[in-house]
Amino acid sequence: MQITEIYKSIQGESTHAGLPCVFVRLTGCNLRCSWCDSEYTFTGGRRMALDEVLEEVERLSPDGGLVEITGGEPMLQEREAIPLMQRLLDAGYTVLLETSGERPLAGVPPGVIKIVDVKCPNSGEPETFYMENLDTLGLQDEVKFVLSDRSDYEFARNFVERHALDRRVNAVLFSPAFRKDAEGDRDCSHCLLDPRELAEWMLEDNSTARLGLQIHKFIWDPALKGV
Ligand code: SF4
């Protein structure tokens, strides 16, 4: 499979935020989100056999733990990504799959925790969510909305209500979008939507979603890759 990078860091998002995690970042994406901070994954990378990827994960985290399959869009390489996820599960890892939600997820092995985006209007990729994926979601999975403004928030709030998402999954995540050219200060000034404003809207609406910040961007320089 085509791999951009494999590295160990702190998980920055989801209900697993804060835990050490090995990231397997696959090359290539068919979307072009306006705030994407992973454009360096669109091309390049290097070809690695499944066994080589497993060896590298085991080298970085020999005693099991958390592994995230991400991209880019990892499901573009599902023919190899799915066996990789199964092998990682078999080896005792907790496996997260971070995906745009645009690709069918029915083939993802049971036991993998899916973290699925639903792209909001200001992402530049609205209406790309593959609706049949709703039927693949279970109580271990998470659905994430990255929000740039009030219209994104209202879209997310309505989507959650319409599909009773909070009853289908472990967590619904509302996350302020980060400026893709952010660098330097490790604070909220780079958020396209002020987290305080988002928190106030959520409290006002008695939201059942979880406000998520990309904590790796508050730990390291937000421009830093491979963390
Ligand atoms: S789906 Fe992810 S990797 Fe692809 S463009 Fe959007 S944010 Fe970037």
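(A) View of the overall build of the protein chain. Secondary structure summary: the protein chain contains six helices and nine strands in total. For 227 residues, the compact-globule estimate of 2.2 N^0.38 gives 17 Å, and the C-alpha radius of gyration of the protein chain, at 17 Å, lies within 12% of that figure. Projected onto the principal axes, the alpha-carbon positions of the protein chain cover approximately 50 × 40 × 30 Å. Here the analysis covers contacts within the protein chain between residues at least 6 apart in sequence; of these, 70% occur between residues at least 24 apart.

(B) Geometry of the pairing of strand β6 (residues 113-117). Within β6, five of the five residues are buried, leaving the element largely enclosed by the surrounding structure. Across the two faces of β6 the burial is the same, with I113, I115 and D117 and K114 and V116 all buried. Here four bridges tie strand β5 (residues 93-99) to β6, and the two strands are oriented parallel to one another. Residue pairing across strands places L96 opposite I113, the latter belonging to β6. As judged from the three bridges shared by β6 and strand β7 (residues 142-147), these two strands associate in the parallel manner. Across the sheet, V116 pairs through a bridge with V143, a residue of β7.

(C) Structural detail: the environment of L203. Tracing the sequence through the fold places L203 in helix α5 (residues 195-204). In the structure, L203 is positioned 130 residues away from E73 in sequence and 33 Å away in space, judged by C-alpha atoms.

(D) Quick look at the pairing of strand β8 (residues 171-176). With five of six residues buried, β8 lies mostly within the body of the structure. In terms of strand pairing, β7 meets β8 through six bridges, oriented parallel. Looking at the pairing, F145 lines up with F174 of β8. Taken together, the two bridges between β8 and strand β9 (residues 210-211) define a ladder with parallel strand orientation. Directly across from L173, in β9, lies its bridge partner R210. A crossover connection joins β8 to the parallel β9 through α5; in handedness this β-α-β unit is right-handed.

(E) Representation of the sheet that holds strand β3 (residues 46-47) in the model. What the nine strands build is an open sheet, ordered β3-β1-β2-β4-β5-β6-β7-β8-β9; its pairing is mixed. The sheet is open, and its two edges are formed by β3 and β9, each paired on a single side. Both strand β1 (residues 2-10) and strand β2 (residues 20-26) contribute to a ladder of seven bridges, which runs antiparallel. The residue of β2 that forms the bridge with I3 is L26. Most of the contacts of helix α1 (residues 50-60) go to β1, to which it runs at about 15 degrees, and overall it touches β1, β2 and β4 (65-70).

(F) Seen up close, the site of the ligand. Near the ligand, the surroundings consist of C29, L31, R32, C33, C36, S38, G71, G72, E73 and S100. A class-by-class count of the residues in the shell around the ligand yields four nonpolar, four polar and two charged.

(G) View of the environment of P20. Secondary-structure assignment places P20 in strand β2. Residue classification places P20 among the partly exposed positions, given that 13 C-beta atoms sit within 10 Å. Expressed as a C-alpha distance, the spacing of P20 and D63, which sit 43 residues apart in the sequence, is 12 Å. In this structure, P20 is in contact with K8, I10, G65 and L66, ignoring residues within four places of it in sequence.

Rules of the game
- Residues numbered from 1 in each chain as written.
- Predicted model: local features only at pLDDT ≥ 70, side-chain atom pairs only at ≥ 80, totals over all residues.
- Helix = DSSP H or I, 4+ residues; strand = E, 2+ residues; numbered from the N terminus.
- Rg over C-alpha atoms; globule rule 2.2 N^0.38 Å.
- Contact = placed C-beta atoms within 7 Å.
- Buried ≥ 20, exposed ≤ 12 C-beta atoms within 10 Å, placed from the backbone.
- Pairing = 2+ DSSP bridges.
- Right-handed = clockwise from strand over helix to strand, strands pointing away.
- Axes fitted to C-alpha atoms, helices over the stretch in contact; angles between N-to-C directions.
- Near = placed C-beta within 6 Å.
- Nonpolar A, V, L, I, M, F, W, Y, C, P; charged D, E, K, R; others polar.

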